[in-house]
Amino acid sequence: MTLLSVLDLSPVPDGATTAKALANTLDLARHADRLGYNRYWLAEHHNMPGIASAATAVVIGHVAGGTSRIRVGAGGIMLPNHAPLVIAEQFGTLASLYPGRIDLGLGRAPGTDQLTAHALRRSLSGDVNQFPNDVLELLAYFKPAEPAQRVRAVPGEGTNVPVWILGSSLYGAQLAAALGLPYAFASHFAPAELDHALEIYRTRFEPSEYFDKPYVMAGLNIVAAPSDEEARYLFSSLQQAFVNLRSGRPGKLPKPVENFEQQIDPMARAMLDQALTCAIVGSPQKVKTGLDAFIARTVADELMVTAQIHDHAARVRSFEILAEVHGQPAMTMAAE
């Protein structure tokens, strides 16, 4: 069975605070833990009022400490924003605190606008062209230290934190294949190159000390509700957020509205149709049909599912419906 995992952007709903968003994140993670989801990933974004996971490693620690089984990680850390040693120390610390449960997905985009990227880095000298070298440096820090090694990640060395390459283009597919690392494609917001990227990754994959064969994860938006009508209504929050972001007006996750697509111009509607091609919205049966079709198309080993839903209870219910239609066995959790 294809594994299901959760990508949580820690959305800040309109009318709520970041503190509430982070509380919702932990609550959803606990439900995902119980429902049998494989991983719970958080993403690095900056200067975005609607996303509360900017300090990604801190939130990962918060979630890992509040759950007991599920793997927790970054989907992802935008490595050009950071020195590899700092990330090795952060995730080495997390792996030491929560052994066998921490993942590290790496991306090369800034996760923000250029002005904010400059504020993060103080200069733009750590550009994306250094990304492959930075990945190799980071991987080396996670290995056992060499006798004469002068710069060590403490904590970090010897933890062998699993590293993933994330991508929304062909670049990441080629790098993941060359390094023999697992690959996650961001089809939940940039689906255009999905099929081509997966083909390149699989055909060019070089077995490594990390993986002996390709391992694919694909991103997918799923909004499940008792009826198609309710699901489409809930989905309008993400649609509004996309239009606002692409219009240069990022904000908190909007409340849903009825018939949103009929209220926007054709250009905005075409943008949504393209960006959100990989979205399944509807009743349990419609979600089941769409999920099976997406798995057949991608032959993915794992799906990373996201659901930007304004009402937290409805978001939890969406993941409950998904787990049920996929036939995912719920876990019996040990008492905390």
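Because the structure is a prediction, the values reported are computed rather than measured.

Moving on, we get to the packing of aromatic side chains. What the rule picks out here adds up to 7 aromatic pairs. Plain terms: the ring middles of W41 and W164 are 5.3 Å apart, the flat faces sit at 85° to each other, and that makes the pair edge-to-face. Of this pair, W41 sits in strand β2 (residues 39-42) while W164 sits in strand β5 (residues 163-167), and the two are 123 residues apart along the sequence. Ring centres of W164 and Y215 lie 5.6 Å apart, and the angle between their planes is 85°; on these two criteria the pair is classed as edge-to-face. With W164 in strand β5 and Y215 in the loop between α7 (194-204) and β7 (216-224), this pair connects stretches of sequence that are 51 residues apart. The same class applies to W164 as to Y215, namely buried. An aromatic cluster is defined as three or more aromatic residues linked by ring pairs; in this entry it consists of W41, W164, F211 and Y215. Here the basic side chain of R108 rests over the ring of Y171, its NZ or CZ set 3.7 Å away from the ring centre.

Every buried residue of helix α6 (residues 170-179) is listed here: G172, A173, L175, A176, A177 and L179. Taking the backbone nitrogen of Y171 as reference, a side-chain oxygen 3.4 Å away marks S169 as the first, capping residue of α6. One or two positions beyond α6, positive phi appears at G180, with a value near 65°.

Right, let's get into the pairing of β5. With 5 of 5 residues buried, β5 lies mostly within the body of the structure. Both faces of β5 are covered, namely the face carrying V163, I165 and G167 and the face carrying W164 and L166. Examined bridge by bridge, strand β4 (residues 102-107) and β5 share 3 bridges and lie parallel to one another. Note on β5: the bridge partner recorded for L106 is I165. The pairing of β5 with strand β6 (residues 183-185) spans 3 bridges and is classified as parallel. Each residue of the ladder has a partner; that of L166, found in β6, is A184.

Procedures and definitions
Residues numbered from 1 in each chain as written. Predicted model: local features only at pLDDT ≥ 70, side-chain atom pairs only at ≥ 80, totals over all residues. Heavy atoms only, no water. Phe/Tyr/Trp six-rings, centres within 6.5 Å; stacked < 30°, edge-to-face > 60°. Helix = DSSP H or I, 4+ residues; strand = E, 2+ residues; numbered from the N terminus. Buried < 20%, exposed > 50% of the residue type's maximum accessible area, 1.4 Å probe, protein only. Lys NZ or Arg CZ within 6 Å of the ring centre and 35° of its normal. Polar contact = N/O pair within 3.5 Å; in protein donor to acceptor, adjacent residues only side chain to side chain. Pairing = 2+ DSSP bridges.

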